[in-house]
Amino acid sequence: MHPHMHRALFVCLVSALAAHAQSTPDWPKVNAETLKHYQTVVRTDTTNGNETKVAQYVKSVLDAEGIPAVIYEKEPGRGNLVARLKGNGSKRPILIMGHSDTVKVDAAKWTHPPFSADIADGFIYGRGTLDDKDNLTASLMTMLLLKRSGMVLDRDVIFVSESGEEGQSSVGAGFLVAEHWPEIEAEICLAEGGAIVRRGGKVEYALIQTTEKIPRGAQLVAHGPAGHGSRPLRTSAILHLSRAVEKIAMWDPPMRFNDTTRYYFEKLAQLSTPEEATRYKALFDPAKSAAAREYLAEHEPGLYSMLHTSISPNMISGGYQTNVIPSEARATLDVRALPDENMPAFYDLMRKVIDDPAVEVVPTARISRNTAAPSRIDNEAYRIIEAANQKVYHTPTLPQMSTGATDMAYLRAKGMQCYGIGPMVDEEDAAKGFGAHSDQERLLGDALYKFVQFNWEVVTALAAHQ
Ligand SMILES: [Zn+2]
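Residues numbered from 1 in each chain as written. Predicted model: local features only at pLDDT ≥ 70, side-chain atom pairs only at ≥ 80, totals over all residues. Heavy atoms only, no water.

Student: Help me out: how do you make sense of helix α3 (residues 51-65) in this one?
Tutor: A turn of α-helix holds 3.6 residues, and therefore any two residues three or four places apart point the same way. Taking 1.5 Å of rise per residue, 15 residues should cover 21 Å, and α3 covers 22 Å from first to last C-alpha, within 8% of that figure. Among the residues of α3, E51, T52, V54, A55, V58, V61 and L62 are the ones counted as buried. Positive backbone phi, approximately 75°, marks G66, located one or two places after α3. (Helix = DSSP H or I, 4+ residues; strand = E, 2+ residues; numbered from the N terminus. Expected span 1.5 Å × (residues − 1). Buried < 20%, exposed > 50% of the residue type's maximum accessible area, 1.4 Å probe, protein only.)

Okay, structure coming up:
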């Protein structure tokens, strides 16, 4: 249980979760139906396109239940579906969504073919099983179950099957926000980005994404005199660049917590081994923080990145012939900013760290998503999510800032309170090559079924007439 949560409120939330026990779905029956829809959408190849095929299938399922749904296409074949169950309007809507596109596949590397949705040892295999046809299916099932329950809703429940998430949001989230905002506008949204973390087959905790870093970028451009390669120059552009790259990559940028990351590290300490806990707590102690950060930089790069705006030099170029000293060399940096970073000031700080007039720091005009504050962790929605994690998984909840980007950035920038959710995954699975975007993406069938139950619990607690 949330240590900051008042008992009275907790009791009241538990009764909110239990209030609709009379309409509790017949889960074994629901599971069979869930599997059917999930396998159908996984078997539909939507590797960066063809999302309309999924949208049409989903529409046929919704039509059969009498749930109105519309498909919106910015480009042919790249359809988004929007469906809505009407509430009495006493609360503002909730939006539940999943993206229907997937990343590409290298089919030769798959044991179970990428669009087979084969089941082996309880796992369902296929591209999109984790990213994001699980969220898509769970949202769809929630709509069907809500409609059949005949439940009176205090708010509209909007469902979106979204296209273009993997690299072309101009046909998906960007398009919907720009051209169909009234159809998707909501107070709260649930989308991909979280997980129930299992280790050694045991559930450890639930991660709920409440904010994310913002992709930015920069180039380092070094200048120097050109010359003959037989007469090395201490002023060589390549020498200047390599020194600058090392300085900036080894730099420990200023650490800063937001509500999400502060609470995440505090709570993670409570759930970790004594050794890890000491390290996470040390982050907050000015005398010990630098040593703890150094440890994380080396051993836990994902956690280290959550502490500050990060910089990774990912491309480097310079020179065109063995015997020519080039006059210019460039490095391209992946900069992932904290949501509240002041970028001009940060670039200035980078210039100070590099401290070399021969090296320019040139900000790149990378897809600059609008920034937004982290979604709240002290509101009704978050507490209901926590209570549902307790009820379905018997596990505590940690809010998380993802270091990568999701389409929730578009929605948070418009003021929606968005929470990234996800099914149960084994922490060891990604390293074994079974993760999202890998050559053997898979999800445990039981994890899918529990995820549908979790969605149902959260959405009914938030939307059902009290
Ligand atoms: Zn995804």
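Student: I would appreciate a short explanation of unusual backbone geometry in the present structure.
Tutor: Of all residues except glycine, most have a negative phi; of all peptide bonds, most are trans. Cis geometry is found at the peptide bond from D131 to D132, where omega equals 15°. Tracing the backbone shows D132 in the loop between β5 (123-125) and α4 (133-149). For D121, which is not glycine, the phi dihedral falls at a positive 50°. Here H437, not a glycine, exhibits a phi torsion of approximately 70°, which is positive. Mapped onto the elements, H437 comes out in the loop between β18 (424-426) and β19 (442-444).

Student: Explain the state of the cysteines here, please?
Tutor: Defined simply, a disulfide is a covalent bond joining two cysteines at their sulfur atoms. Scanning all chains against the criterion turns up 1 disulfide. Across the disulfide, C189 is cross-linked to C418 (sulfur-sulfur distance 2.1 Å). Between C189 and C418, the disulfide has an S-S torsion of 125° and is therefore right-handed. A residue pair is termed long-range when its members are at least 10 positions apart, and C189 in strand β7 (residues 188-191) and C418 in strand β17 (residues 417-420) qualify at 229 residues. (Disulfide = S-S within 2.5 Å.)

Student: Please clarify how the sheet that holds strand β15 (residues 359-363) should be interpreted in this entry.
Tutor: Remark on secondary structure: sheet strands pair via backbone hydrogen bonds, oriented parallel or antiparallel. In space, the 4 strands of this open sheet follow the order β12-β14-β10-β15, with antiparallel pairing throughout. With partners counted over all chains shown, the strands left at the sheet margins are β12 (310-318) and β15, one partner each. Here the strands of the sheet are splayed against their neighbours by 25° on average, with no regard to which way each runs. In terms of strand pairing, strand β10 (residues 214-223) meets strand β14 (residues 328-337) through 10 bridges, oriented antiparallel. Looking across to β14, one finds that A218 is bridged to L333. (Pairing = 2+ DSSP bridges. Axes fitted to C-alpha atoms, helices over the stretch in contact; angles between N-to-C directions.)

Student: Got a minute to help me understand the side chain of T46 in this structure?
Tutor: Locating T46 in the fold gives a position in the loop between α2 (27-43) and α3. On the basis of relative accessible area, T46 is assigned to the buried category, the value being 0%. Among the polar contacts listed, one links the side chain of T46 to the side chain of K133, at a separation of 2.8 Å. Not counting the four nearest positions on each side in its chain, T46 is found in contact with E51, V54, S100, D101, T102 and K133. (Polar contact = N/O pair within 3.5 Å; in protein donor to acceptor, adjacent residues only side chain to side chain. Contact = heavy atoms within 4.5 Å.)

Student: For this particular structure, what's the right way to read the coordination of the zinc ion?
Tutor: Tetrahedral metal sites with four donors have an ideal angle of 109.5 degrees; octahedral sites with six donors have ideal angles of 90 or 180 degrees. Looking at the zinc ion, the protein donor atoms are H99 (NE2), D131 (OD), E192 (OE) and E192 (OE), and they sit 1.8 to 2.7 Å from it. Around the zinc ion, the 4 donor atoms are arranged such that angles at the metal cover 52 to 150°; this shape is classified as irregular. Going along the chain, you hit the donors of the zinc ion in the pattern H-x31-D-x60-E. Of this pair, H99 sits in strand β3 (residues 94-99) while E192 is found in the loop between β7 and β8 (195-199), placing the two residues 93 residues apart along the sequence. Residue class for H99 comes out buried when judged on its relative accessible area of 1%. On the basis of relative accessible area, E192 is assigned to the buried category, the value being 14%. (Donors = N, O, S within 2.8 Å, 3.2 Å for Na, K, Ca; no water. Tetrahedral: all angles 85-135°; square planar, octahedral: opposite > 155°, others 65-115°.)

Student: Would you explain the packing of aromatic side chains in this entry?
Tutor: Given two aromatic rings, their pairing is described by the distance between the two centres and the angle made by the two planes. Applying the stated rule across the entire model yields 10 aromatic pairs. Taken together, a centroid distance of 5.2 Å and an interplanar angle of 80° make the contact between Y264 and F265 edge-to-face. F265 shares its class with Y264; the two are buried. What links up through ring pairs into an aromatic cluster is the set F257, Y264, F265, Y280 and F284. (Phe/Tyr/Trp six-rings, centres within 6.5 Å; stacked < 30°, edge-to-face > 60°.)

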